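Letter by letter, the chains look like this.
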Amino acid sequence: MLAAPSIDIVLASVIVVLLAGIGFNQPSWSRSFTTALRYYSAYGAHIALYLVAFLVIYASAWRVYAWSADPGPSEASEVKPQLAWLALLVMVAVRAIPYTARRVRRWAHDWADIPDCAHRFAHALAGASFEPGDFDDDARALLKARGIDVGGDWLPSVESAQQQLLSATALFLRIRQWESSPRAAQFVTDARQSIDLLRHRFDRLSFRVSRTLASIERLGDVRHLFLQQAGESVESRPLDDLLRKLFNDLIADIFEDIHAFHADACLIAARGTLAMRNTRQGRDAMVAAMGFRLPRKEGRGTFLLLARVALLVVASLWLYFHIMPAAKAAIPARALFLVITLNLFGAIAIAVIPKRHWGFANSGLWQKTPKWFVFGAGVSAMLLGVLVNLCIGALLGGAAGALRRLQDGSVFLPYLFATAAVVAWLIQDHRWSRVTSRLRRRLYDALSWGAAWMAASLVSMSLIILRNAFSAEHRAVTNVPIADPLVALLVGLGVSFVFAAVLGYFIPELVRARDAPRPQEAGGDDLLEFVPKSLRQFVP
């Protein structure tokens, strides 16, 4: 049995952890330059590195002392605390070296993607369309107070610059609103210098744009006075060319200043979003509420998605095998676990992969469920189940084992059909499209998958009863360790529903496109107006 560490080791370790944590969070606003998951992962790695280094120093010091002095038990108990504080002193000395601390912190920050994560996010926001929303009137009033009348009778290039300035002003007002928000208090405190600098830049920008627009008006007055004094017959092309160059230079300067301010505002918006929202869904919702309209995101990679599905399937089956009483089987429990895992994961993959890559498995613009794909996925899953049972049985017992495994597993093929078919039906992008709550969509998925497995359970149990009625050998091998058949049926239905509901709660929502068109936005009937009348008869 391992001995408990001494209080000195524990206290020294706590001090090392505190020093490492303080050293990582420098500067204090580093949290706002990356996501919560990356930040805290790197934070933990930074602390673990210092803690491991401390323990290595302590263990090395004890080994050297034990080798040189060969202490007894009583002497060792007196020396070890001293060595622990000596190791802490060495760690503090190493931590005090600026080069060492900076290199270790930079490594951890690079792992957390600080500050590149925030800059990429800000670049995406700067390139996205922006809607001022509720701040449109406030932004117009603020600009008008600075001498900028947005929407006046100007040239198109000037109106474009004014609209960009209006959007940048609305974003600036949204950022200023964080100063009165309790949830943003920590970020505002950390980013106070950046927010104050942004306010200063807005003041300079607004007054500079106002003066530039006044200068443009004066250029028009200069031309008017010239023609008025020199007469209409005088050649004004040289003057017009010169005024046009001045005008273009002024407009170019305005656009450059507005773009620079907008980029700075987007960086603060990105930092605030990263600091105040810990999940991807939360960040997406926050930037949408701010007025940004980001382009549709690519769905999760198929490989990563299937890896998550495989992990969920393995974990669920592992719990099932450890909770439910084991029935007699002709193959070892581990082999049975492998068979069920491969069959279940294969059935899900048969529905997911085509939907992610091929059009015949998608509902498309018309949002019609591909019924033949749903049916074909179920049949394909059953064929895969037959193949898996034959292969596993052949590996365990040759040709006879393959046939025996196929006989034992054939009664459970309805589960595979139900799994692939219900997954192919649920993962269509328009499924539950009128339901805005993500939780409700997940619950509907769980209920649908659970109902499908309950139906499959009834079919499979009926096949088992029929098979056992004509085969004493199968009755002796596959009997369920529950005496009452009715109780066994109810337990089987309940377990099937719960197990399927867990899978249904997580998997379909992962596969469906989060930004798929909704019927209320562009329903199938509304899309007919884009189809020529001569072709509408062919539309399903």
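One can find the structure itself at the top, above this paragraph.
In this report, the structure presented in the accompanying data block is examined.

Criteria and cut-off values
Residues numbered from 1 in each chain as written. Predicted model: local features only at pLDDT ≥ 70, side-chain atom pairs only at ≥ 80, totals over all residues. Heavy atoms only, no water. Helix = DSSP H or I, 4+ residues; strand = E, 2+ residues; numbered from the N terminus. Buried < 20%, exposed > 50% of the residue type's maximum accessible area, 1.4 Å probe, protein only. Contact = heavy atoms within 4.5 Å. Areas by Shrake-Rupley, 256 points an atom, 1.4 Å probe, with all protein chains shown as cover. Patch = residues over 30% accessible without salt bridge, like charges linked within 9 Å, V, L, I, M, F, W, Y side chains within 5 Å. Salt bridge = Lys/Arg side-chain N within 4 Å of Asp/Glu carboxyl O. Axes fitted to C-alpha atoms, helices over the stretch in contact; angles between N-to-C directions. Parallel < 35°, antiparallel > 145°, perpendicular 65-115°, else oblique. Left-handed = near helix turned anticlockwise from the far one by under 90°.

## Digging into the overall build of the protein chain
Within the protein chain, the regular secondary structure consists of 19 helices and two strands. Expressed as a percentage of the 540 residues in the protein chain, the buried residues total 41%. At a minimum sequence separation of 6, the contacts of the protein chain that also span at least 24 residues come to 78%. Surface summary for the protein chain: the accessible area is close to 30300 Å², and the carbon and sulfur share equals 64%.

## With respect to a nonpolar patch on the surface
Nonpolar side chains collect at one region of the surface, where Ile7, Val10, Leu11, Val14, Ile15, Leu18, Leu19, Trp85 and Val92 lie side by side and expose about 720 Å² of accessible area between them. Secondary-structure elements contributing two or more residues to the nonpolar patch are helix 1 (7-24) and helix 3 (73-96). Of the residues forming the nonpolar patch, the biggest block, seven residues, is contributed by helix 1. Locating Trp85 in the fold gives a position in helix 3. A relative accessible area of 34% means that Trp85 is categorised as partly exposed.

## Concerning the packing of helix 7 (residues 156-177) against helix 10 (residues 237-276)
Between helix 7 and helix 10, the least distance of the axes is 10 Å, while the angle of their chain directions is 20 degrees. Our classification of the angle between helix 7 and helix 10 gives roughly parallel. Classified by chirality, the crossing of helix 10 by helix 7 is left-handed. Judged by residue contacts, Ser157, Val158, Ser160, Ala161, Gln164, Leu165, Ala168, Leu171, Phe172 and Ile175 of helix 7 engage Phe247, Ile251, Ile254, Phe255, Ile258, His259, Phe261, His262, Ala265, Cys266, Ile268 and Ala269 from helix 10.

## Section: the environment of Val92
Within the secondary structure layout, Val92 lies in helix 3. When its relative accessible area of 35% is taken as the criterion, Val92 is described as partly exposed. Here the alpha-carbon distance between Val92 and Val16, two residues 76 residues apart in the chain, equals 8.1 Å.

That is the geometry; function is a separate question.
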